[in-house]
Amino acid sequence: MKNIACFVLSTVVLASSGAAAEWGTISGKVVLKGDVPDPVLLHAKGAPIKDGEVCAAEDVYRDDLVIDKETKGIANVFLYIYKAPKDIHPEAATPAPKVIFDQEKCQFRPHVMVVQAGQTVEVLNSDPVAHNTHTYPLRNQAVNILVAPNTKAGEGVDVATAVREIVPHQVKCDFHPWMIAHWLVLDHPYAVATDAQGNFKMENLPVGDHELRIWHERAGYLDRKYKVSVAAGDNSPLQPIEAELSQFEEN
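Nothing here was measured: the structure is a model prediction, and the numbers come from that model.

> Even after reading the chapter, I still don't get the overall build of the chain, so can you show me in this structure?
When you go through the chain residue by residue, the secondary structure sums to 1 helix and 20 strands. Principal axes of the C-alpha set define a box for the chain whose edges measure 60 × 40 × 25 Å. Buried positions account for 48% of the 251 residues belonging to the chain. The long-range fraction of contacts in the chain, counting pairs at least 24 apart against all pairs at least 6 apart in sequence, stands at 70%. When the accessible area of the chain is evaluated, it comes to approximately 12100 Å², of which 50% is carbon and sulfur surface.

What follows is the structure, given as structure tokens:
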């Protein structure tokens, strides 16, 4: 976990949209403050690695820190309420029974994923080579499963979740050790991950004051108590949440 003293963050009080509703939607962006570094090559096309005909069919770059050059948006940042709020929007109270987790070109898809406790994760394998999916939760049952080549939806291996986790946990492929993803398992729907441009949107929060945790796999907690005040309806976008590159440096 990195020192968060340099994390630039403002508490944002949002103006009411005027809608007479109990729920509000917030949106925003997590961005890098300063120059964006070049992507780091993981292995070049044709590299002599295991299953290279698939895993090195093209240049592959590290995916543990993905920053958009144009927008400076940081991908794969989790933003979430740690404990379930008293009120849950009725449309989100019962999540879909299953979510999909795939493996493509020897990388996990998606790289980060939000799961609600009780959901089943169906693990697929879109590659023509075998993978294994090895999970490292703190509270749920860990699994280490073989996923056969060319496994399609409905034919995958099911991984059950039962309870929320304390922090996002790693998922690895022991056959291809560069393959690492993270799952965030919570007992409520108020969690999102930033997209490729660093954008996020969290819908149908209970109106009122909330604290969000902000977490990235390289930096750890960017903030444990990011405060927002949610008004009814669609709220104005939050001011960009900025992070320094030094927060993502490896030990």
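> Sorry if this is basic, but what is going on with the nonpolar core here?
Most often, soluble globular proteins have nonpolar side chains that are buried together. Counting residues in each nonpolar core, the largest one holds 27 residues, and the members touching the most others are Ile 74 and Leu 79. Looking at this core, the elements that each hand over two or more residues are strand E2 (23-33), strand E16 (199-206), strand E17 (208-216), strand E18 (220-230) and strand E20 (241-244). Not counting chain neighbours up to four residues away, the residues in contact with Ile 74 comprise Val 30, Val 31, Leu 32, Leu 65, Val 66, Ile 67, Thr 194, Asp 195, Gly 198, His 216, Ala 243 and Phe 248. Counting residues in hydrophobic clusters, the runner-up holds 20 residues, among them Phe 108, Val 115, Cys 173 and Trp 183.

> Any chance you could explain the side chain of Asn 76 here in plain terms?
Following the sequence through the fold, Asn 76 ends up in the loop between strand E4 (60-61) and strand E5 (78-80). With a relative accessible area of 15%, Asn 76 lands in the buried category. When residues no more than four places from it in sequence are discounted, the contact partners of Asn 76 are Asp 63, Val 66, His 111, Val 112, Thr 194, Asp 195, Trp 215 and His 216.

> It is not clear to me how the confidence of the model for the chain should be interpreted in this structure. Could you clarify?
Atom-level detail of predicted coordinates should not be read off regions where pLDDT is low. Per-residue confidence for the chain gives a mean pLDDT of 92, with 91% of residues at or over 70. Here residues 1-20 scores under 50 on pLDDT; set against residues more than four positions off or in separate chains, the count is 55 contacts.

> How do you make sense of the pattern of salt bridges when you look at a structure like this?
Pairing is possible between side chains that carry opposite charge, provided their charged atoms lie close to one another. Tallied over the full model, the rule gives 9 salt bridges. Here Asp 158 makes a salt bridge to Lys 98, at a shortest N to O gap of 3.5 Å. Of this pair, Asp 158 sits in strand E12 (residues 157-160) while Lys 98 is found in strand E6 (residues 98-104), placing the two residues 60 residues apart along the sequence. Given the relative accessible area of 45%, Asp 158 is considered partly exposed. When its relative accessible area of 36% is taken as the criterion, Lys 98 is described as partly exposed. Salt bridges sharing common partners tie together Arg 62, Asp 64, Arg 218 and Glu 250.

> How do you make sense of the pairing of strand E14 (residues 180-186) when you look at a structure like this?
For a regular strand, side chains alternate in direction, first toward one face of the sheet and then toward the other. A large share of E14 lies buried, amounting to 6 of its 7 residues. Direction of pairing for strand E8 (residues 112-116) relative to E14: parallel, over a ladder of 5 bridges. In the strand pairing of E14, Met 113 is matched with Trp 183. Across 4 bridges, strand E13 (residues 169-172) lies against E14 in antiparallel orientation. Residue pairing in the sheet places His 169 in a bridge with Trp 183 of E14.

> Teacher, can you tell me more about the sheet that holds E12 here?
Sheets are built from strands paired through backbone hydrogen bonds, the pairs being either parallel or antiparallel. Read across the sheet, 4 strands follow the order E7-E6-E9-E12 without closing on themselves; strand pairing throughout is mixed. Looking at which strands have only one partner, the edges of the open sheet turn out to be strand E7 (107-109) and E12. Taking the axes of each pair of neighbouring strands and ignoring which way they run, one obtains an average angle of 25° across the sheet. In terms of strand pairing, strand E9 (residues 120-123) meets E12 through 4 bridges, oriented antiparallel. Of the residues in E12, the one forming a bridge with Val 121 is Val 159.

> What should I look at first to understand the state of the cysteines in this one?
Here a disulfide denotes one covalent bond, and it connects the sulfur atoms of two cysteines. Per the stated rule, a full pass over the model turns up 1 disulfide. Each sulfur of the disulfide joining Cys 55 and Cys 106 lies 1.9 Å from the other. Between Cys 55 and Cys 106 the sulfur-sulfur dihedral comes to about -60°; the bridge is accordingly left-handed. Of this pair, Cys 55 sits in helix H1 (residues 52-55) while Cys 106 sits in the loop between E6 and E7, placing them 51 residues apart in sequence.

> What is the right way to read the environment of Pro 110 from this model?
Here Pro 110 shows up in the loop between E7 and E8. Expressed as a C-alpha distance, the spacing of Pro 110 and Val 185, which sit 75 residues apart in the sequence, is 15 Å. In this view, Pro 110 contacts Ile 100, Phe 101 and Ala 181; residues no more than four positions away in its chain are not counted.

Rules used in this analysis
Residues numbered from 1 in each chain as written. Predicted model: local features only at pLDDT ≥ 70, side-chain atom pairs only at ≥ 80, totals over all residues. Heavy atoms only, no water. Helix = DSSP H or I, 4+ residues; strand = E, 2+ residues; numbered from the N terminus. Buried < 20%, exposed > 50% of the residue type's maximum accessible area, 1.4 Å probe, protein only. Contact = heavy atoms within 4.5 Å. Areas by Shrake-Rupley, 256 points an atom, 1.4 Å probe, with all protein chains shown as cover. Core = buried A, V, L, I, M, F, W, Y, C linked by side-chain atoms within 4.5 Å. pLDDT = per-residue confidence, 0-100. Salt bridge = Lys/Arg side-chain N within 4 Å of Asp/Glu carboxyl O. Pairing = 2+ DSSP bridges. Axes fitted to C-alpha atoms, helices over the stretch in contact; angles between N-to-C directions. Disulfide = S-S within 2.5 Å.

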